[in-house]
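Structural features, examined
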Amino acid sequence: MKAIVIHDFGGPEQLQLVDRPMPPITHEQVLVAVRVAAVNPIDWRIRKGQLKDFVAYEFPAIMGREVSGVVAQVGAAVRDFAVGDAVLVFLQQRLMHWGGYAEYVPVEAAKLAHKPANLSFEQAAALPVAGHTAWQGLFEVAQLKRGEVVLITGAAGGVGSLAVQLACDAGATVIASASPANHEFVRSLGAALVVDYQAPDFAARIAAQFPAGVDVIFAAFAGVSLQGARPLVHAGTRIVLLSPVATEQDLQIGPVSSQLLIARADGAQLEKIAQLAAQGRLRPQIGPLLPLEQAARAHEMSESHHTRGKILLRVAADDPA
Ligand SMILES: NC(=O)c1ccc[n+]([C@@H]2O[C@H](COP(=O)([O-])OP(=O)(O)OC[C@H]3O[C@@H](n4cnc5c(N)ncnc54)[C@H](OP(=O)(O)O)[C@@H]3O)[C@@H](O)[C@H]2O)c1
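Residues numbered from 1 in each chain as written. Predicted model: local features only at pLDDT ≥ 70, side-chain atom pairs only at ≥ 80, totals over all residues. Heavy atoms only, no water.

1. Focus on the overall build of the protein
The test is simple: Runs of H or I in DSSP of at least four residues are treated as helices and runs of E of at least two as strands, each being numbered from the N terminus. What the globule rule says is 2.2 Å times the number of residues to the power 0.38, and the radius of gyration is computed from C-alpha atoms. Exposure is judged per residue with a 1.4 Å probe applied to protein chains only, and the accessible area is read against the type maximum: over 50% gives exposed, under 20% gives buried, and values in between give partly exposed. The contact definition used throughout considers only heavy atoms, calling two residues in contact when any of these lie within 4.5 Å. Note on areas: Shrake-Rupley with a 1.4 Å probe; residue coverage comes only from the protein chains shown. Charge convention: Lys and Arg are scored as positive, Asp and Glu as negative, and His as well as the terminal groups of each chain are ignored. Taken as the charge centre is NZ of Lys, CZ of Arg, CG of Asp or CD of Glu, depending on the residue.
Helices and strands together make up the secondary structure of the protein, namely 10 helices and 20 strands. Taken over the C-alpha trace, the protein has a radius of gyration of 19 Å; the compact-globule value for 321 residues is 20 Å, and the two agree within 12%. The C-alpha extent of the protein, read off along each of the three principal axes, is 60 × 40 × 30 Å. The proportion of buried residues among the 321 residues of the protein is 56%. Residue pairs at least 24 apart in sequence account for 67% of intrachain contacts in the protein once pairs closer than 6 positions are excluded. A total of about 13,000 Å² of accessible surface is found on the protein, and carbon and sulfur atoms cover 53% of it. Positive and negative charge centroids in the protein, built from 26 and 29 side chains respectively, lie 4 Å apart.

Below is the structure:
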């Protein structure tokens, strides 16, 4: 099968299109024929070796942490999925060897969700990593409740754009930070107030409308957008950090210690997220769609930090002959 692998850590030139043998599956796994693979910032962090102390590797390692596709084979113990089912999944593997930038990937059935018929494979591939991260950050770590005020940074990105919608859907008031070019877009997702994180007075603008500060900060991006929010933090504020390379400054904001989220794959939770999307309550944002062969270009785009919506790689056509 065709796959994009790395043989070592390094720049985008490490991403090579090669032929790999078909992956084996265990009794608890299914083999997914990949239609669309999504590109996440964690992919280039892994490629660069930034996470080598946290993730185990076996080279050549196939890149990619989330896909949509069709079940091609099921293990003997798998009950909820059958050959031909359309699925989506966050590929959270203990050992990075078989990944999503490939024609086939083996997956534990417990991490898979069914793709609703009214979602395209592109929309489905944009949901797992960002959906799990937004859901777990808002509702499990921060325990966001109806009527609370949440500040979401990096709101135009893959995670932030889903977090804005999930928080609005849960009845929270959303303040979002993004570059000016993305303000209209973020407002269209439901944010009540959108600020530019590079404007030195952004916290004052928020405080003018929300003098009691914020109940939750969901920091899809830290740095100035989190540091500048310090005046909005009170002793009861819950702060969720996503960056695996958080600084000491990001970990303590005023009186509050930030909580670092490491998202986990959970098939039952992904079924709920996919259903919200099927009902139109969550709109996955599709960014550039490139052929698998252009994975290096896709990584360069993701590393620019300013693409809007999810960068996708087409692995197979919707109706492969
Ligand atoms: N911990 C976990 O389990 C987990 C899971 C998923 C993702 N993550 C992390 O979460 C972060 C966001 O992921 P993503 O997929 O949403 O990324 P993304 O799609 O690349 O979005 C990044 C967003 O950040 C904004 N941004 C860029 N530079 C910024 C700056 N200096 N200050 C504030 N905002 C800035 C950009 O907005 P503008 O263009 O509007 O400036 C962009 O919309 C990444 O660091 C990723 O590694 C962590």
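Still more to cover.
2. Some details on the nonpolar core
The line we're drawing: Residue types Ala, Val, Leu, Ile, Met, Phe, Trp, Tyr and Cys, when buried and joined through side-chain atoms within 4.5 Å, form a set referred to as a nonpolar core.
Counting residues in each nonpolar core, the largest one holds 41 residues, and the members touching the most others are Val150, Ile152, Val186 and Phe218. Considering each element in turn, this core owes the most residues, six residues, to helix α4 (residues 158-169). Apart from the residues lying within four places of it in its own chain, the contact partners of Val186 are Ala155, Ala156, Val164, Ala176, Ala178, Ala191 and Val194. Membership of the second largest hydrophobic core comes to 35 residues, among which are Ala37, Tyr57, Met63 and Val67.

3. What about the UniProt feature "domain: Enoyl reductase (ER)" (unreviewed entry) in the protein?
Here is the rule we go by: UniProt positions are given in the numbering used here, feature names are shortened, and annotations may be inferred rather than shown by experiment.
Those residues carrying the UniProt feature "domain: Enoyl reductase (ER)" (unreviewed entry) are residues 10-313 in this numbering. With 27% helix and 26% strand, the stretch residues 10-313 has end C-alpha atoms that lie 20 Å from each other.

4. Details of the side chain of Thr237
Examined against the element boundaries, Thr237 turns out to sit in the loop between α7 (224-227) and β15 (238-241). Under the relative-accessibility criterion, Thr237 is labelled buried at 4%. In contact with Thr237, other than residues within four places in its own chain, are Val214, Asp215, Val216, Ile217, Leu232 and Val256.

5. Details of the pairing of strand β3 (residues 29-39)
To keep things clear, this is the line we draw: A pair of strands is considered paired only if DSSP assigns at least 2 bridges between the two.
Within β3, 11 of the 11 residues are buried, leaving the element largely enclosed by the surrounding structure. In this sheet, strand β9 (residues 104-108) lies alongside β3 in antiparallel orientation, the contact comprising five bridges. By the bridge assignment, Gln29 is partnered in β9 with Glu108. With seven bridges connecting them, β3 and strand β6 (residues 66-74) associate as antiparallel partners. The partner of Val32 across the bridge, within β6, is Val71. Strand direction decides the pairing type here: β3 and strand β20 (residues 310-314), joined by four bridges, are antiparallel. When the bridges of β20 are listed, Ala38 appears paired with Leu312.

6. Considerations on the sheet that holds strand β13 (residues 193-195)
How we decide: To get an axis, a line is fitted to the C-alpha atoms, and for a helix only the part in contact is used. The angle between two axes follows their N-to-C directions and goes from 0 to 180 degrees.
Here we have six strands laid out as an open sheet, ordered β13-β12-β11-β14-β15-β18, and parallel in their pairing. One side of each edge strand has no neighbouring strand; the edge strands of this open sheet are β13 and β18 (259-260). Relative to the sheet, α4 contacts β11 (149-153), β12 (173-177) and β14 (216-219), its axis offset from that of β11 by approximately 170°. Sitting on the sheet, helix α6 (residues 202-209) touches β11, β12 and β13, and the angle it makes with β13 is about 165°.

7. Re the packing of helix α3 (residues 128-141) against helix α9 (residues 267-278)
The line we're drawing: Roughly parallel here means an angle under 35 degrees, roughly antiparallel means over 145, roughly perpendicular means 65 to 115, and every remaining angle is called oblique.
Direction vectors running N to C along α3 and α9 enclose 100°, while the axes themselves pass 10 Å from each other. Relative to α9, α3 is oriented roughly perpendicular. Residues Pro128, Gly131, His132, Trp135, Gln136 and Glu140 of α3 touch α9, and the partners they reach there are Gln269, Leu270, Lys272, Ile273 and Leu276.

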